[in-house]
Structure formats: C-alpha cells, structure tokens
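Report on the structure
The residues making up each chain are set out below.
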Amino acid sequence: MTIPVDTTLRRWLLHRLPEAEVAALETRLFDDDATEDGSFAASLREAELDLIDDYAQGRLDADERRDVERHLLQTGEDRLQLTIARALAQVRSNAPVRERHAGTSKHASASPSPRRRGTRWKYGAAGGAMAAGLALVVLVLAGIQPRKPPAPTDAVATAPAVIQSVALLASTQRGAAELEITLEHGTTALRLQAEVARPQTGTRYVLRVGDAGRTVFVADDLSLHQSGPYAYVEAVIPAALFGAGVRQVSLQAQADTEPGFVWQVHTRKAD
Amino acid sequence: MNETRPGLASSFDALLSRLARDEPAQLGYERLRRRLTQFFRLHLPVEAEDLADIALDRLARRLQEGTEVEHTQRYALGVARLVLLEARTRHAKQQLAEQDPGWSEVPDAEETLGLETTIAALGACLDQLGTRARSLILAYYGDDGARRIQIRQQLAADLGSSLNALRNRALRLRETLERCVRDKLKTVSQFT
C-alpha cells in the first residue's frame with residue numbers, strides 16, 4: 001500500500017481535509033502493517049516535523065502559520081520543539097556547506113565537526129566569539145561542559161553576562177528617530193525594547209539592525225510585551241554585533257514589507 | 001458479569017498477551033500507544049498523552065473481560081474515537097471551546113531561556129551524536145519542498161538504504177537529539 005503524498009499528510013495535520021478523508025487516514029494509521037515498521041505513522045510524524053521546521057524558518061504563508069500555531073504548537077512541549085527547530089536551523093546555517101549536504105556515505109569526505117566555538121553567528125565573525133562566550137558562560141554556570149570549549153579570553157569565560165537594556169520609544173520617532181546610547185563597561189549584550197505605537201493582538205514583529213545598509217542582525221517572530229500603557233517587542237543582541245557607531249534599528253510587523261519605525265542609534269563605549 | 005480470562009493477572013497482561021500474537025509485546029504496546037497519541041494530537045493535542053492512556057486502559061479492560069477482538073489496532077481506533085467524543089463533550093460542557101487559542105501567555109522555553117542557550121545545548125548534543133549522525137541530521141532536516149525530497153532520496157541511495165529505513169533512523173536521531181536538549185535545558189533552568 002502506498003503512503004499518501006506529503007501534501008496530503010500536511011493538509012491532514014493542518015486540518016484542511018474533508019471528514020471522510022480524515023476518517024480513512026485514521027483507519028490507515030491504525031492498520032499500518034507492523035512489518036513495514038510503521039511506515040505510515042513515521043511518515044506522519046516526519047510531515048509534522050517538516051511543518052515545524054518550515055514554520056521555524058519562515059517558509060509558510062500566513063494561513064499555514066496560523067494553522068500550525070492552532071494545531072501543532074499548543075503545548076509547552078510543542079513550543080520547546082519549535083525552539084529546538086530554530087536552533088537546528090541556526091546551527092545548520094553555520095555548518096560548512098559539505099556537512100550541510102553530506103550524507104553518511106563512506107564516499108563522502110569525513111568532515112570533522114566544525115571547530116566548536118559554542119554558538120557561531122552568521123551575522124559577523126566578531127559576534128561569533130562573543131556569542132560563543134555568552135553561551136559558554138551559561139553552560140559553565142549550569143555545569144554543562146561542551147566537549148571542545150571555545151577560546152574566548154579568560155575574562156569572558158568566567159565573567160557573568162551583562163545585558164544592557166535600550167528603550168526605543170515610538171514617541172521619539174519623527175520619520176527616523178535618533179538617540180545616543182553608551183555601552184557600559186563589561187556589557188556583553190543589549191536588550192533592545194522597541195515600542196509598538198499601534199499594537200495589534202496576534203501580530204508578530206521583526207526587529208532589524210543595520211549598518212550602512214547592511215543587515216547585521218534580525219530577530220523575527222517577536223511577540224508583544226506589555227508594560228503599563230506601553231506595548232513593545234524585545235530582542236537580545238550581542239554587544240559586539242551592535243558595536244560602536246551608527247546603527248539603524250527598524251521595526252515592522254511580520255506581514256509587512258516595509259519597516260514601520262526606524263531609529264538611528266549612535267553608540268559609543270563608556271570612557 | 002463478564003468472566004475474566006484465567007491466568008491474566010491484570011488487564012495490562014491481557015493487552016500485552018494480545019499484542020504478542022503479532023510481534024514482541026512491548027514493541028507492539030509502544031507502537032500502539034504512539035499511534036493513539038498521534039491520533040489524539042490531531043484532535044486535542046493538549047490532552048493527547050492522557051487520552052491515549054485512557055484508550056489503552058479501556059482496550060486492556062475489554063480484552064481482560066473476554067471481548068472478542070478480531071483486529072486489535074482497528075478496535076483501538078474505535079475505542080479512541082469514543083474517548084475523543086467524551087473528551088469533546090466534556091470540553092463543551094466546561095465551555096472550553098475549540099477556538100483558536102493563539103499563543104498562551106505562559107512564556108515558552110525560548111522566551112525564558114533564550115535561543116542562544118538552546119543553540120549551545122543543541123551544539124553539545126550534536127557533538128555527542130558523533131560526526132556521521134550529526135551530518136545526517138543536518139542534511140536530512142535542512143531544505144524544503146522538492147529539494148528536501150531530492151536530498152532524502154539521495155541520502156538513502158548513498159547509504160544503500162530504503163527511504164523508509166532512513167526516515168526511521170532520522171526520526172530516532174531527532175528524538176534522541178531533542179531529548180538531550182530538553183535534559184540540558186532543564187539543568188540550565190535550575191540555575192537561572
């Protein structure tokens with residue numbers, strides 16, 4: 001018996017199939033021949049994982065995203081799985097090309113594990129070491145030892161993470177608002193909190209940091225937070241990525257094609 | 001009052017005994033439980049595990065009572081549909097409508113622990129899998145659409161494996177990976 005094509009399984013998972021077809025597939029799920037090692041059940045599980053991976057990487061349209069949220073991401077376990085899917089996508093994007101596309105064939109070159117720097121960020125080499133240091137700090141605090149610890153300085157390896165908050169208010173926005181911030185000594189990351197002037201429930205947002213037209217950081221799928229009368233989104237960016245100088249921070253709703261707000265942020269380091 | 005089958009100390013024994021007709025009992029039990037969980041996840045994901053346990057318990061009791069069951073899995077599906085109906089009726093009575101709940105306000109793992117922490121834990125877990133398993137995971141769960149299918153077919157060909165066997169292997173690796181990351185994140189959260 002053939003396995004239903006992937007599109008049918010996806011539509012089933014997204015609750016888009018007619019009832020009669022659903023009933024037939026459910027029967028098929030329980031008829032799955034043990035000698036096939038549960039092929040149909042495994043295909044269904046794989047289709048679910050592929051949907052979550054596609055969601056994590058922003059490949060779904062708005063209707064699909066809504067249906068995935070409604071049917072596949074309801075529990076804490078589901079959302080943890082989504083976080084892992086995002087992490088897997090990040091690790092994969094940082095892996096060498098040959099590893100990304102290699103199988104485990106003996107004919108493929110035996111690529112060693114990429115040099116372990118904890119977390120590598122695709123947004124800049126400087127940020128990679130700092131983010132790795134931040135990750136290492138968290139792991140050291142937790143008593144988890146990475147097999148090959150990265151090589152940050154001793155000070156970074158042992159110092160606690162210091163996160164500086166930066167509030168970007170919509171009220172200061174006049175087309176392109178400008179503000180100055182000072183990076184305090186020892187700051188390892190910035191928590192950007194960008195006010196949303198006209199928040200809409202259920203809308204997700206994207207925060208971008210640019211440097212002279214080049215995007216150095218993107219945080220997407222951000223949900224709204226509320227603090228008194230202020231609605232905002234927030235993202236944490238390694239301080240080394242943000243750096244000193246002029247940066248453009250833009251905020252937009254995920255479905256929009258143009259930024260809604262742009263801030264010009266002048267950053268300098270403390271004396 | 002139905003007579004129980006002699007020699008079966010519990011309903012669980014009755015179920016295992018029945019499942020052992022087709023395959024090793026424990027394997028059959030795990031397979032059946034997984035299918036029931038998948039079934040309930042398609043309808044009431046928040047209660048999927050609990051409802052699967054209820055369905056298994058009822059199936060086991062029917063078998064212990066001597067109910068003639070020709071096809072165990074199909075019978076289990078029938079029990080599951082009844083359990084689902086009851087659960088939905090209960091929800092309706094409690095006015096827990098099956099509307100779109102959206103995202104709950106409970107912070108999820110990413111908000112609480114950060115993607116960076118998860119990436120670090122994932123990196124450590126991938127290392128533990130070994131080079132070949134790591135490469136397989138990264139290649140298998142990478143692309144989308146037609147390219148995804150092509151890559152998986154190519155991987156299977158390279159390994160001299162059937163697509164089914166490769167799929168099962170990749171699923172087991174992914175489960176192992178996710179379990180490892182969960183364990184590491186639990187450890188981290190104890191210190192934050």
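Residues numbered from 1 in each chain as written. Chains lettered and ligands numbered in written order. Predicted model: local features only at pLDDT ≥ 70, side-chain atom pairs only at ≥ 80, totals over all residues.

**So, the overall build of chain B**
Scanning chain B from terminus to terminus reveals 9 helices and 0 strands. The order of helices and strands in chain B, counted from the N terminus, is α-α-α-α-α-α-α-α-α. Counting only residues that meet the buried cut, chain B has 32% of its 192 residues in that class. (Helix = DSSP H or I, 4+ residues; strand = E, 2+ residues; numbered from the N terminus. Buried ≥ 20, exposed ≤ 12 C-beta atoms within 10 Å, placed from the backbone.)

**Remarks on unusual backbone geometry**
Residues and elements named next belong to chain A. Within the chain, His-15 stands out as a residue other than glycine whose phi angle is a positive 60 degrees. Summarising the element assignment, His-15 is placed in the loop between α1 (6–13) and α2 (19–31). A residue is classified by how many C-beta atoms lie within 10 Å of it, and His-15, with 13 of them, is partly exposed.

**Looking at the pairing of strand β8 (residues 245–253) of chain A**
Residue and element names in this part refer to chain A. For strand β4 (residues 205–211) and β8, the ladder comprises 6 bridges, and the chain directions are antiparallel. Following the sheet pairing, Tyr-205 is matched in β8 by Ala-253. In this sheet, strand β9 (residues 261–269) lies alongside β8 in antiparallel orientation, the contact comprising 7 bridges. The residue of β9 that forms the bridge with Val-249 is Trp-263. (Pairing = 2+ DSSP bridges.)

**With respect to helix α3 (residues 48–64) of chain B**
All names here are of chain B. Over its 17 residues, α3 runs 24 Å from end to end, which matches the ideal 24 Å to within 8%, given 1.5 Å per residue. When α3 is considered as a whole, its buried residues turn out to be Ala-48, Leu-51, Ala-52, Ile-54, Ala-55, Leu-56, Leu-59, Ala-60, Leu-63 and Gln-64. Here the buried face of α3 lies against α1 (11–19), α2 (25–41) and α4 (72–93). Looking one or two residues beyond α3, the residue adopting positive phi is Gly-66, at roughly 95 degrees. (Expected span 1.5 Å × (residues − 1). Contact = placed C-beta atoms within 7 Å.)

**Observations regarding the confidence of the model for chain B**
All names here are of chain B. A residue-level look at chain B finds 82% of positions with pLDDT of 70 or above and a mean pLDDT of 82. Mean pLDDT values over the elements of chain B span from 52, in helix α5 (residues 109–113), up to 93, in α3. Confidence over residues 102–107 falls short of pLDDT 50; this stretch has 6 contacts with residues more than four positions distant or in other chains. For this predicted complex, the interface score ipTM comes out at 0.80, while the overall pTM is 0.59. (pLDDT = per-residue confidence, 0-100.)

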